[in-house]
Amino acid sequence: MTTSPLFRSVLTQRSAIPLLSITCILLFLVTVLSIKLQTPVQLSHNNLLYLPDAQQQYQINTLPDANTTLWSQADNFQFGLPMSDVPYWLSFTLPTLKPFEHWLLELNNPFIDHVSVWFLEKEGLLDHYQTGDTQPFYTRPLPYETFLFPLPEYEHQLRIVMRISSEGTLQLPINLWPESRFLVFNGEHSILMGLFFGVLFAMGLSNLFFFIISRQPVFLLYAGYVFSFALLLGTMQGLGYKYIWSDSPWMQSHSVAIWANATVFYAIIFTSILLDVKNVSQRLHKVLNVLAILFAISLLVSLFIPKVWFLTPFLYSLCAISIFIYGVGIWCWYKKVHLARFYTLAWTPLLVSCLIACLDHLNIIALNISSHYLLMLGVILETFLLALMLALSVNHQRQQLFRAQKKALRKERDMRAVQDEVLAQQNNAQEELEYSVQERTLELEIALRELSEINRELEEKNTLDALTGIRNRRYFDKKYLAEVRRSRRERTELVVAMIDIDHFKRVNDEHGHLVGDDCIKFVAERLKKSLKRPSDDVCRYGGEEFAVIMPSTDLTGARDLLEQLRAEIQNNPVYSAGVAIDLTVSIGVASATMDPQQSEDTLIGFADQLLYQAKNNGRNCIIAKHLDNTAPT
């Protein structure tokens, strides 16, 4: 067996990849074992009723009484409905929950097209939300991967009514969370997701780099497979819509089909090349090529047809192709292809988890855990076993290389005349190899340095609000936490102000959202100009609300500065779309020297309360107080 010097260098470097992969995966598993994910509050299973609305004849005020036989009772709050585009009404009641706790209602399925939720008490409407993945991500009540709704305050019994419709499968896990427990769950869940996708992208990038070095297509195909699978799982977790294509409902609607087809396409071609199917069976090689083309066509077709037409055939075909690929691995193992047994072992957990997930989405079987987590477990096991397979493959390549060297040494005894020439060629090859390794290492260092600079630029852009150009909520949360800790450490006074544009909804309703955007930009510009010190920061907190942080500032000075700002906004109308808009703002100003015993959210919560006092006092005013003082200043 002969191999090029460049490919031998790749084999040598690839020996570090299984160790790196195993280390990352073990880190992920240790983290999973060390983190105890919080669980939601258990709801009474005999409380949930559902009603199909095939004729779309019902409205919230025309729904039949819950005691009629038109309603059906669900077995539990983790149930699924048949795959169709028929809307369903859901109804259940909640008893009085623990006081002094905020509660969240979660619909744990990020792929529901239309969701409307009504909160009723004694038939009176307390709150109403309307969202779905056919709308931009920002329309969701809370910016979370799944659908999350804050429960309103109520006294006796809360009735919750939902209207849900979707072209795909209607799996409806409904969870009730105390806000404090959900925050802990979300933090732990985010750590798991970060480690999981970090492992996948590390594997994908490493194989992409080795393709660049070796030009071996198997590395590129495996990188494409890993990236596609990572994007598929990110889509199924709702992370793609949250972070990547949050302004594109069309992409959200087709993302599963796109990445699933791409994943299967890369998996088929990767299997064909890795197992050298072409040299084992020309007929099987052609079958795999045809299947790959069909899934490429399926990707294109999925962009133009309704999801309800596409999803069911695709899931059945995915089950079939999973079994078929697994059969190819077993057949190649029978044909004594070297990597076939390791390949079959590596793909077993992933293909089984894919098959179970498809059956779960088709409502053929019911799982006690989310099929997404099952897929993640399959991917982690597959990555571990493929890393082991690569290590064994590298060892096999080295053994073949050693045997070739021994054979060459035996021939040298009969070819002493050419010994000097062979040694010279070996020395030249070694020098070329060392030069190539140094050159590639330098290129990698340069690429990583450029990537680091780009990441820093992206991090800076992520802290800016797209509309106003000032800092956004993400930056404010970090800045606020840092200043609270500084106030505790240095015993300095910290001022936080919450500013809200009065009657902003009226401006949007009367003049449109473009004029409303100009009003928001006008207030943001005045806020930015009014702050002179580099340590002071103004951020867009959300919608028409702004937040100001003033470290080492006394309450009187802050109030005087913000009073000037309030008067300036009142006395200077906004000119937009040919009209003059008179604006006023309400401001709540809170100051404190933070105590180590106080919660970090105490000061911002107090400022928010003062803002609502200012609104209740007639708006266009400032309420300023010390945190330990009850009289306004």
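Rules used throughout
- Residues numbered from 1 in each chain as written.
- Predicted model: local features only at pLDDT ≥ 70, side-chain atom pairs only at ≥ 80, totals over all residues.
- Heavy atoms only, no water.
- Helix = DSSP H or I, 4+ residues; strand = E, 2+ residues; numbered from the N terminus.
- Buried < 20%, exposed > 50% of the residue type's maximum accessible area, 1.4 Å probe, protein only.
- Contact = heavy atoms within 4.5 Å.
- Areas by Shrake-Rupley, 256 points an atom, 1.4 Å probe, with all protein chains shown as cover.
- Phe/Tyr/Trp six-rings, centres within 6.5 Å; stacked < 30°, edge-to-face > 60°.
- Lys NZ or Arg CZ within 6 Å of the ring centre and 35° of its normal.
- Patch = residues over 30% accessible without salt bridge, like charges linked within 9 Å, V, L, I, M, F, W, Y side chains within 5 Å.
- Salt bridge = Lys/Arg side-chain N within 4 Å of Asp/Glu carboxyl O.
- Lys, Arg positive; Asp, Glu negative; His and termini not counted.
- Charge placed at Lys NZ, Arg CZ, Asp CG, Glu CD.
- pLDDT = per-residue confidence, 0-100.
- Core = buried A, V, L, I, M, F, W, Y, C linked by side-chain atoms within 4.5 Å.

### A word on the overall build of the chain
Next up, step 1: Helix and strand counts for the chain come out as 17 helices and 17 strands.
Next up, step 2: Per-residue burial over the chain gives 46% buried out of 633 residues.
Next up, step 3: Taking as baseline every contact in the chain between residues at least 6 positions apart, the subset at least 24 positions apart corresponds to 74%.
Next up, step 4: Approximately 32700 Å² of the chain is accessible, and the part contributed by carbon and sulfur atoms is 57%.

### What to know about the packing of aromatic side chains
Next up, step 1: Going through the model one piece at a time under the given rule, you end up with 16 aromatic pairs.
Next up, step 2: For the ring pair F182 and F185, a centre distance of 6.1 Å and an interplane angle of 40° mean the geometry is tilted. Taken as a pair, F182 and F185 lie in helix α3 (residues 179-214) at a separation of 3 residues, close to a single helical turn. For the pair shown, F182 and F185 are each scored as buried.
Next up, step 3: These aromatic residues form a ring-pair network of at least three members: Y144, W177, F182 and F185.
Next up, step 4: Above the ring of Y475, the side-chain terminus of R471 is found at 4.4 Å from the ring centroid.
Next up, step 5: Directly above the aromatic system of Y541 lies the positively charged group of R473, at a separation of 4.0 Å from the ring centroid.

### A word on a positive patch on the surface
Next up, step 1: On the surface, R403, K406, K407, R410, K411, R413 and R416 cluster together into a patch of positive charge.
Next up, step 2: The topology assignment puts K406 in helix α11 (residues 371-414).
Next up, step 3: Judged by relative accessible area, K406 falls into the exposed class, the value being 55%.

### Some details on the confidence of the model for the chain
Next up, step 1: For the chain, mean pLDDT is 80; residues scoring 70 or higher make up 85% of the total.
Next up, step 2: Low confidence marks residues 1-21, where pLDDT is under 50. Its contacts with residues over four positions away, or in another chain, come to 35 contacts.
Next up, step 3: Of the regions scoring below 50 in pLDDT, residues 629-633 engages in 10 contacts with residues more than four places distant in sequence or in other chains.

### Things to note about unusual backbone geometry
Among all residues except glycine, the phi angle is most often negative; among peptide bonds, the trans geometry is most common.
Next up, step 1: For R491, which is not glycine, the phi torsion reads 55° and is therefore positive.
Next up, step 2: Checked against the element boundaries, R491 lands in the loop between α13 (473-490) and β11 (494-501).
Next up, step 3: A positive phi angle, near 50°, is found at H503, a position not held by glycine.
Next up, step 4: Among the secondary structure elements, H503 is positioned in the loop between β11 and α14 (504-511).

### Regarding the nonpolar core
Next up, step 1: Ranked by size, the top nonpolar core spans 59 residues in total, and within it I268 and W347 carry the most contacts.
Next up, step 2: Only α3, α4 (217-236), α5 (239-243), α6 (249-274), α8 (282-302), α9 (307-334), α10 (340-361) and α11 provide two or more residues apiece to this core.
Next up, step 3: Tallying contributions element by element places α4 first for this core, with 11 residues.
Next up, step 4: Residues I470, V523, V538 and I581 belong to the second largest nonpolar core, which totals 32 residues.

### So, the pattern of salt bridges
Next up, step 1: Inspection of the entire model under this criterion finds 16 salt bridges.
Next up, step 2: Notably, a salt bridge pairs K479 with E483, separated by 3.1 Å at the nearest N-O pair. Taken as a pair, K479 and E483 lie in helix α13 at a separation of 4 residues, close to a single helical turn. With respect to class, K479 is no different from E483; both count as buried.
Next up, step 3: Residue R488 pairs with E600 through a salt bridge whose shortest N-O separation is 3.8 Å. A residue pair is termed long-range when its members are at least 10 positions apart, and R488 in helix α13 and E600 in the loop between β16 (585-592) and α17 (602-616) qualify at 112 residues.
Next up, step 4: The exposure class assigned to R488 is buried, which follows from its relative accessible area of 18%.
Next up, step 5: When salt bridges with common partners are traced through the structure, they connect K479, E483, R486 and D537 into a single cluster.

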